[in-house]
Amino acid sequence: MKIVIAGATGSLGTEVVDAVRAAGHESVPISRDSAADLISGSGLVTALRGASAVIDASATSSTSAKRSIGFFTTVTRNLLAAEREAGVPHHVAISVIGAAKLNANYYAGKAAQEAILHATSGGWSLLRTTQFHEFVEQLVAHGKVGPFQAVPRMRSQPIAAAEVAAELVAIASGEPQGLTPELAGPQEERMGDLVRRYLAATARRRPVVELSIPGAWGRGMRDGSLLPKAGTRLGRQTFDEWLSARTS
């Protein structure tokens, strides 16, 4: 199969590219450096011709609801339109467990993306997961404030991006399913604790300060809105196992 990966250079996209190749399929990465542009739509039809599926692993770093909605709706509509013109039968997308219910800040973009797919007549699959273990690296990279490490007060049940990538490829290899069973990490964690363990493992000594983010976004982080329901499928690799492999 020929599988196109949108957002191929991101933390999830790079894992998806590897998973596509490991499954014996042909991968066609789309990123900011490629001739196909997810925002303008330029070159997408050409890049998608002959593909059996498109996996949309694109993401934005913005936490603004307006910007997140703008990004995810633009990319989703451009991909769906290009897929129709190129004759691609299967669009595979990823969202966050609880995003549609929370519908604030970054998650508002994911909620809007989901709404577009649900309004589309067939030809798509959507996988909702919890945050990735790799999310901690992003927090550490952007949360240093003077001698301190700022972290949002948050409950999470993180999963390895590699496991999510493998699941997306398995979905892309089959027929469109619509909303697929959700997938979460093996155990609940406090984000502040994860950051402390990551800093210790990478020999960075600075106090971690947990902050309560205001508004619906922050409440959702704290009250368990982003946690899986009982009976949700669980991944295998714990955060500590991931961290050991990452830092060994």
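A few points on the structure. If you're wondering where the values come from, they're calculated on a predicted model, not measured in any experiment.

**Re the pairing of strand β12 (residues 208-211)**
Of the two faces of β12, the one lined by V208 and E210 is fully buried and the one lined by V209 and L211 carries no buried residue. Judged from the four bridges that link them, strand β7 (residues 148-152) and β12 form a sheet pairing that is parallel. Bridged to V151 within β12 is E210.

**As for the nonpolar core**
If you look at the biggest cluster of nonpolar residues, it comprises 42 residues, and the most contacted ones within it are I30, L48, Y107, V136 and V195. No other element matches helix α3 (residues 65-86), which puts six residues into this core. Here V195 is in contact with V136, L139, V140, Q149, V151 and V208, once residues within four sequence places are set aside. Counting residues in each nonpolar core, the second largest holds 24 residues, with L127, I159, A165 and V169 among its members.

**Section: the pairing of strand β3 (residues 53-56)**
Taking every second residue as pointing to the same face, both faces of β3 are buried, with A53 and I55 on one and V54 and D56 on the other. Strand direction decides the pairing type here: strand β1 (residues 2-6) and β3, joined by four bridges, are parallel. Bridge pairing links I3 to A53 in β3. As paired elements, β3 and strand β4 (residues 91-96) share three bridges and run parallel to each other. Its bridge partner being in β4, D56 is matched across the sheet by A93. As a crossover connection, the stretch from β3 through α3 into β4 is right-handed.

**Focus: the environment of T120**
By secondary structure assignment, the location of T120 is in the loop between α5 (106-118) and β5 (124-129). T120 sits in the partly exposed class, given a relative accessible area of 22%. Placed 49 residues apart in sequence, T120 and V169 show a C-alpha to C-alpha distance of 21 Å. There is a polar contact of 2.8 Å between the side chain of T120 and the backbone oxygen of I116.

**Considering the layout of surface pockets**
Computed from the structure, the largest pocket encloses a volume of approximately 1400 Å³. A59, T60, S61, Y106 and Q138 are, among the 46 residues lining the largest pocket, the residues nearest its centre. At the level of secondary structure, the elements contributing two or more residues to the lining of the largest pocket comprise α1 (11-22), β4, α5, α6 (135-142), β7 and α9 (215-222). By residue number, the principal contributor to the lining of the largest pocket is α6, which donates four residues. Here the residues of the lining of the largest pocket are counted per class, giving 24 nonpolar, 19 polar and three charged. Here the second largest pocket is characterised by a volume of approximately 170 Å³. Around the second largest pocket, the lining residues are I97, G98, A99, A100, K101, R128, E182, G224, S225, L227, P228 and K229. No other element matches helix α4 (residues 99-102), which puts three residues into the lining of the second largest pocket. Its residues placed into classes, the lining of the second largest pocket shows five nonpolar, three polar and four charged.

**Some details on the environment of G178**
Turning to its location among the elements, G178 is positioned in strand β9 (residues 178-179). C-alpha of G178 to C-alpha of R49: the two residues are 129 residues apart in sequence and 22 Å apart in space. Those residues within four positions of G178 in sequence are excluded, and the remaining contacts are W124, S125 and L126.

**What to know about helix α8 (residues 191-201)**
Within α8, burial applies to M191, G192, L194, V195, Y198 and L199. Across the axial projection of α8, the buried residues extend over an arc of 160°, all falling on one side. Buried-residue contacts for α8 involve α6, β7, β8 (155-156), β11 (189-190), β12 and α10 (239-247). Of the residues flanking the end of α8, it is A203, one or two places downstream, whose phi is positive at about 55°.

Criteria and thresholds
- Residues numbered from 1 in each chain as written.
- Predicted model: local features only at pLDDT ≥ 70, side-chain atom pairs only at ≥ 80, totals over all residues.
- Heavy atoms only, no water.
- Buried < 20%, exposed > 50% of the residue type's maximum accessible area, 1.4 Å probe, protein only.
- Helix = DSSP H or I, 4+ residues; strand = E, 2+ residues; numbered from the N terminus.
- Pairing = 2+ DSSP bridges.
- Core = buried A, V, L, I, M, F, W, Y, C linked by side-chain atoms within 4.5 Å.
- Contact = heavy atoms within 4.5 Å.
- Right-handed = clockwise from strand over helix to strand, strands pointing away.
- Polar contact = N/O pair within 3.5 Å; in protein donor to acceptor, adjacent residues only side chain to side chain.
- 1 Å grid on protein atoms, 1.4 Å probe; cavity = no way out; pocket = protein on both sides within 12 Å on 5 of 7 lines; lining within 4 Å.
- Points joined across faces, edges and corners; volume = space filled by probe spheres on them.
- Nonpolar A, V, L, I, M, F, W, Y, C, P; charged D, E, K, R; others polar.
- Arc of directions from axis to C-beta.

Function cannot be inferred from these measures alone, as they are strictly geometric.
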